[in-house]
Amino acid sequence: MTFSILMYDRETGCYAAAAATGSLCVGGWVLRGDIESGLVASQGTAPSTFWRDDVLRRMYDGALAHAAVDQVTGGDAGRGHRQLLALDRNGGTAGFTGAQSVGYADHIAEQDLAIAGNMLAGRQVLTAMKETARGEFATPSDRMLAVLDAAAAAGGDARGLLSAALLVLSPDRPPLDLRIDHSDDPLPALRALCLRAHRAPYYDWLTEVPVLKDRHRAVLPDAS
């Protein structure tokens, strides 16, 4: 049903996530993030928005990803139908794939990188995502878009794709949160939206809004 990736760049302090699925609104359902907490992806045949939000809150309070995932998934009787990824603010990761997930389903959790998918064409989808994520790219957006393309080229969602999403959180830039909620070809649509966002008239305005490194940033009055 869905494939997703969470990643942390130690050099820049940037968090990046992306997801795509064969149903609607993957960005609204799956991805959440906070520059002071980390990233979460909650998916599956019966995805839990409670899992997603509870893990993010725990990580904000200082919990490591593996502890937050264990705490949230352990007491849920429906966990067999759910899948979860978490990446904490230190780059630690954890994942959970329920035993009743529709195959092929699995996850990869490594330092600074977490990948998951269900109802995939096979293991090769996750492998392609991991190999692509470790490559060199000019921007986090470029990396995430390339990962989604690699997943689709490897077989992706066995049903085809209808929605895709991109989330980038940087300490010195405002969040980039882009979503294609329904499209017959969502990956090119997401790439086009990302390009348009970087060229839109408001783009220069983004240098004036608060960020983690400057919470009080604003438009300064003209001193002339």
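Since we're looking at a predicted model, the values are computed, not measured.

> Looking at this structure, I do not really get the packing of aromatic side chains. What am I missing?
Two descriptors summarise a pair of aromatic rings, namely the distance from one centre to the other and the angle between the planes of the rings. Summed over all chains, the structure comprises two aromatic pairs. An angle of 80 degrees between the planes, with centres 5.5 Å apart, marks the rings of tryptophan 51 and phenylalanine 96 as edge-to-face. Note that tryptophan 51 is positioned in helix α2 (residues 49–60) and phenylalanine 96 in strand β6 (residues 93–97), a separation of 45 residues in sequence. Just as tryptophan 51 is buried, phenylalanine 96 falls in that class too. Taking NZ or CZ as reference, arginine 82 lies 5.7 Å from the ring centre of tryptophan 51, over its face.

> How should I be thinking about the sheet that holds β6 in this particular structure?
The strands that make up a sheet pair up through hydrogen bonds in the backbone, lying either parallel or antiparallel. What the four strands build is an open sheet, ordered β3-β4-β5-β6; its pairing is antiparallel. Sheet topology places β3 (31–34) and β6 at the edges, where each strand pairs with a single neighbour. Here the strands of the sheet are splayed against their neighbours by 5 degrees on average, with no regard to which way each runs. Here β3 runs beside strand β4 (residues 38–44); their pairing, made up of four bridges, is antiparallel. The residue of β4 that forms the bridge with leucine 31 is alanine 41. Against the sheet, α2 contacts β3, β4, β5 (82–88) and β6, and its axis sits at roughly 160 degrees relative to β4.

> Help me understand the sheet that holds strand β9 (residues 163–170) in this model?
Reading across from one edge, β7-β8-β1-β2-β9-β10 is the order of the six strands in this open sheet, with antiparallel pairing throughout. Looking along the sheet, the strands with just one partner apiece sit at the ends: β7 (106–110) and β10 (173–180). Going from strand to strand, the sheet's axes swing by 5 degrees on average, the running direction of each strand aside. One ladder, built from six bridges, connects strand β1 (residues 2–9) with strand β8 (residues 113–118); its direction is antiparallel. In the strand pairing of β8, leucine 6 is matched with alanine 114. The sheet strands contacting helix α4 (residues 123–133) are β1, β7 and β8, and the helix crosses β7 at an angle near 25 degrees. Lying over the sheet, helix α6 (residues 186–199) contacts β2 (14–21), β9 and β10, oriented at roughly 150 degrees with respect to β10.

> I keep staring at the state of the cysteines and nothing clicks. Help me out?
In a disulfide, the sulfur atoms of two cysteines are covalently bonded to one another. Under the defined criterion, the tally for this structure stands at zero disulfides. Sulfur of cysteine 25: no disulfide; nearest cysteine sulfur belongs to cysteine 194 and is 19 Å away. Of all cysteine sulfurs in the structure, the one in cysteine 14 sits closest to cysteine 194, which takes part in no disulfide; the separation is 12 Å.

> Would you take a moment to explain the layout of surface pockets for this structure?
With a probe scaled to a water molecule rolled over the atoms, the places where space remains empty come into view. Of the pockets and cavities examined, the largest pocket occupies roughly 740 Å³. Forming the walls of the largest pocket are 38 residues, and the residues nearest its centre are Cys14, Thr139, Pro140, Ser141 and Val168. Every element with two or more residues in the lining of the largest pocket is listed here: β1, β2, α5 (140–153), β9, β10 and α6. Residue classes in the lining of the largest pocket are distributed as 22 nonpolar, six polar and ten charged. What the second largest pocket holds in volume is close to 180 Å³. Taken together, 13 residues make up the lining of the second largest pocket; nearest its centre are Ile35, Leu169, Arg173, Pro174 and Pro175. For the lining of the second largest pocket, the secondary structure elements donating two or more residues are β3, β9 and β10. The leading source of residues in the lining of the second largest pocket is β10, at four residues. When grouped by side-chain class, the residues that make up the lining of the second largest pocket number eight nonpolar, two polar and three charged.

The rules behind each value
Residues numbered from 1 in each chain as written. Predicted model: local features only at pLDDT ≥ 70, side-chain atom pairs only at ≥ 80, totals over all residues. Heavy atoms only, no water. Phe/Tyr/Trp six-rings, centres within 6.5 Å; stacked < 30°, edge-to-face > 60°. Helix = DSSP H or I, 4+ residues; strand = E, 2+ residues; numbered from the N terminus. Buried < 20%, exposed > 50% of the residue type's maximum accessible area, 1.4 Å probe, protein only. Lys NZ or Arg CZ within 6 Å of the ring centre and 35° of its normal. Pairing = 2+ DSSP bridges. Axes fitted to C-alpha atoms, helices over the stretch in contact; angles between N-to-C directions. Contact = heavy atoms within 4.5 Å. Disulfide = S-S within 2.5 Å. 1 Å grid on protein atoms, 1.4 Å probe; cavity = no way out; pocket = protein on both sides within 12 Å on 5 of 7 lines; lining within 4 Å. Points joined across faces, edges and corners; volume = space filled by probe spheres on them. Nonpolar A, V, L, I, M, F, W, Y, C, P; charged D, E, K, R; others polar.

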